[in-house]
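# Chains, contacts and geometry: an overview
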Amino acid sequence: MKAESKPTIVISGSGVWTPPDTITNEELVTSYNAWAERFNRIHAAAIKAGKTEEMPISSARFIEKASGIKSRFVYAKEGILDIDRMRPKFPERKAGELSLQAEFALHAARKAMEKANKSSSDIDAVIVSCAYTQRAFPAIAIEVQDALGITGFGFDMLMACSAATFGLHRAFDSLASGSAKCVLAINPEVVTPMVNWCDRDSHFIFGDISTAVIMERADTAATGNGFEVLSTRAATFFSSNIRSDFGHVSRATDEDPYGREKLFHQQGRKVFEEVSPKAASHIKEHLAELGLSPYEVRRFWLHQANINMNNMVMKHLFNGLEGGGKGGRGGRHGLCGPDGPDAPTIIDRYANTASAGVIIAFDQYSQDLEKGDVGIICSFGAGYSIGSLVLRKR
Ligand code: CO8
């Protein structure tokens, strides 16, 4: 959607909140391997008879090389590393208490509000958009709205790794149509309960986090800086290569709602191969709609699932393009890495935080941009889904 003849809409603040615990690859692998070795010892006879599959051994070196991940933030470390549990342990909260996910949301929301210099009375819409909500209703967004004393409306939406961009699209549309004047869009990603910590191929991928963004009309923005939203773009293509089938219907099908197939699982290699070119084409086409070349983009805030995948997206994006233009990246072709944050990576410290990764990258690598610089936020993931916003520094 183009912003032509519509009011100027800006991102005026963002915030990132991290839970207190971290788990390094080494810690994770030590505990997983102890669990796998014990499993193999206990089931040695069945494994020998071909009745049970042997659990493979994980490696910290593989994880870093294959994904770029070195460490991740988690809400509760202990249960995950306990080989008698292999999943986080959170204390239950009663209906009258603030829910865990609302607490996550509030931490990031307050940071974004402070950055944008907004109080609750300035905001009239709350969107909680993430990979999982901890309950069906009442909406976490309404709980957050109530806790902050915001008058207006709030709703939850799910869109896996593209939840942040798709949530911001809804914020943009509400502001453009006039149904809201200032939107608080939050991504409280409490994902560690849905990770299969006994699956060697995916136990290292995710971490918990919370991010938030304030989007509003330029004429109400309290700070003169921030980023103008030039345009938004979304695309989806059905695929079963990334699935999480946990849901209320399991109660009726008598399936174990926490079985292997119900937790997060993926065909990682296929996802890598299929999504990277799609994401690059999406970015190229979105920029072309605005008459821009990738060389005119100062910063690419990409989804943070895998460093090699982001390098592949950037390679596809610049492949076959002529030279560098104004503000372009010259010979560097925007690759992620130590040379420079053209497509900054935060995956080493945070791992994959589902939808929040693009907002962490944006929050941490946007202060140095100069007036007029163009950047693009682009998420891609389960669905498949791809969502982008082209921004210009004010
Ligand atoms: N340690 C040692 N070896 C391993 C490990 C490990 N931990 N894991 C796999 N291996 C082995 C494999 O078994 C394989 O062995 P072999 O060759 O003998 O079969 C070998 O290493 C290579 O395996 P792969 O080809 O699978 O490895 P890759 O190099 O492709 O790396 C990745 C695997 C890192 C998973 C990679 O494929 C990847 O990241 N792909 C992108 C996937 C992606 O972006 N997914 C997005 C999912 S997230 C999302 O959309 C939102 C979901 C919502 C959040 C859900 C939260 C719970």
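Read on for an overview of the structure. (Residues numbered from 1 in each chain as written. Predicted model: local features only at pLDDT ≥ 70, side-chain atom pairs only at ≥ 80, totals over all residues. Heavy atoms only, no water.)

## Observations regarding the overall build of the protein chain
Scanning the protein chain from terminus to terminus reveals 12 helices and 13 strands. Taken against the 2.2 N^0.38 rule, which gives 21 Å for 394 residues, the C-alpha radius of gyration of the protein chain at 21 Å falls within 12% of a compact globule. On the principal axes, the C-alpha backbone points of the protein chain span a range of 70 × 55 × 35 Å. For the protein chain, buried positions account for 54% of its 394 residues. Of the contacts made within the protein chain by residues no fewer than 6 positions apart, 78% connect residues no fewer than 24 positions apart. If you sum the accessible surface of the protein chain, you get close to 17,300 Å²; carbon and sulfur atoms cover 51% of it. In the protein chain, the 45 positive side-chain charges and the 46 negative ones have mean positions that sit 2 Å from each other. (Helix = DSSP H or I, 4+ residues; strand = E, 2+ residues; numbered from the N terminus. Rg over C-alpha atoms; globule rule 2.2 N^0.38 Å. Buried < 20%, exposed > 50% of the residue type's maximum accessible area, 1.4 Å probe, protein only. Contact = heavy atoms within 4.5 Å. Areas by Shrake-Rupley, 256 points an atom, 1.4 Å probe, with all protein chains shown as cover. Lys, Arg positive; Asp, Glu negative; His and termini not counted. Charge placed at Lys NZ, Arg CZ, Asp CG, Glu CD.)

## As for unusual backbone geometry
Backbone torsion omega between Phe137 and Pro138 reads -5°, so that peptide bond is classified as cis. Structurally, Pro138 can be placed in the loop between strand 4 (125-130) and helix 6 (140-148). Cis peptide bonds are those with omega within 30 degrees of zero, and the linkage from Gly383 to Tyr384 qualifies with -10°. Within the secondary structure layout, Tyr384 lies in the loop between strand 12 (374-381) and strand 13 (385-393). We note that Met86 has phi near 55°; this positive angle belongs to a residue other than glycine. Positive phi values are uncommon outside glycine, yet Asp254 reaches one of about 65°. Inspection of the secondary structure puts Asp254 in the loop between helix 8 (250-253) and strand 10 (265-266).

## A look at the environment of Thr353
Tracing the backbone through its elements, the reader meets Thr353 in the loop between helix 11 (347-350) and helix 12 (357-364). Expressed as a C-alpha distance, the spacing of Thr353 and Phe206, which sit 147 residues apart in the sequence, is 5.7 Å. Not counting residues up to four positions away in its chain, the partners in contact with Thr353 are Glu189, Gly207, Ile209, Gln304 and Ile360.

## A few points about the site of the ligand
Around the ligand, a shell composed of 28 residues is seen, among which Cys161, Arg200, Gln266, Arg269 and Asn306 lie nearest. Ser59 places a polar main-chain atom, nitrogen or oxygen, 3.2 Å from a nitrogen atom of the ligand. In the model, an oxygen atom of the ligand is placed 2.7 Å from a nitrogen or oxygen of the Asn306 side chain. Expressed as a share of its isolated accessible area of 1,200 Å², the protein-covered part of the ligand is 76%. Those elements giving two or more residues to the shell around the ligand turn out to be helix 3 (60-67) and helix 9 (268-289). Of all the elements, helix 9 adds the most residues to the shell around the ligand, at 4 residues. In terms of residue class, the shell around the ligand is made up of 18 nonpolar, 7 polar and 3 charged. Residue assignment places the shell around the ligand across two domains, with domain 1 (9-220) and domain 2 (227-393) each supplying three or more. (Near = heavy atom within 4 Å. Polar contact = N/O pair within 3.5 Å; in protein donor to acceptor, adjacent residues only side chain to side chain. Nonpolar A, V, L, I, M, F, W, Y, C, P; charged D, E, K, R; others polar. Domains from an automatic or database assignment.)

## As for the pattern of salt bridges
According to the stated counting rule, one finds 16 salt bridges in the structure shown. The shortest N-O distance in the salt bridge between Lys115 and Asp363 comes to 2.8 Å. With Lys115 in helix 5 (residues 100-116) and Asp363 in helix 12, the pair connects residues that are 248 residues apart, well separated along the chain. Residue class for Lys115 comes out partly exposed when judged on its relative accessible area of 40%. The salt bridge involving Arg260 is made with Asp199; its shortest N-O contact spans 3.6 Å. (Salt bridge = Lys/Arg side-chain N within 4 Å of Asp/Glu carboxyl O.)

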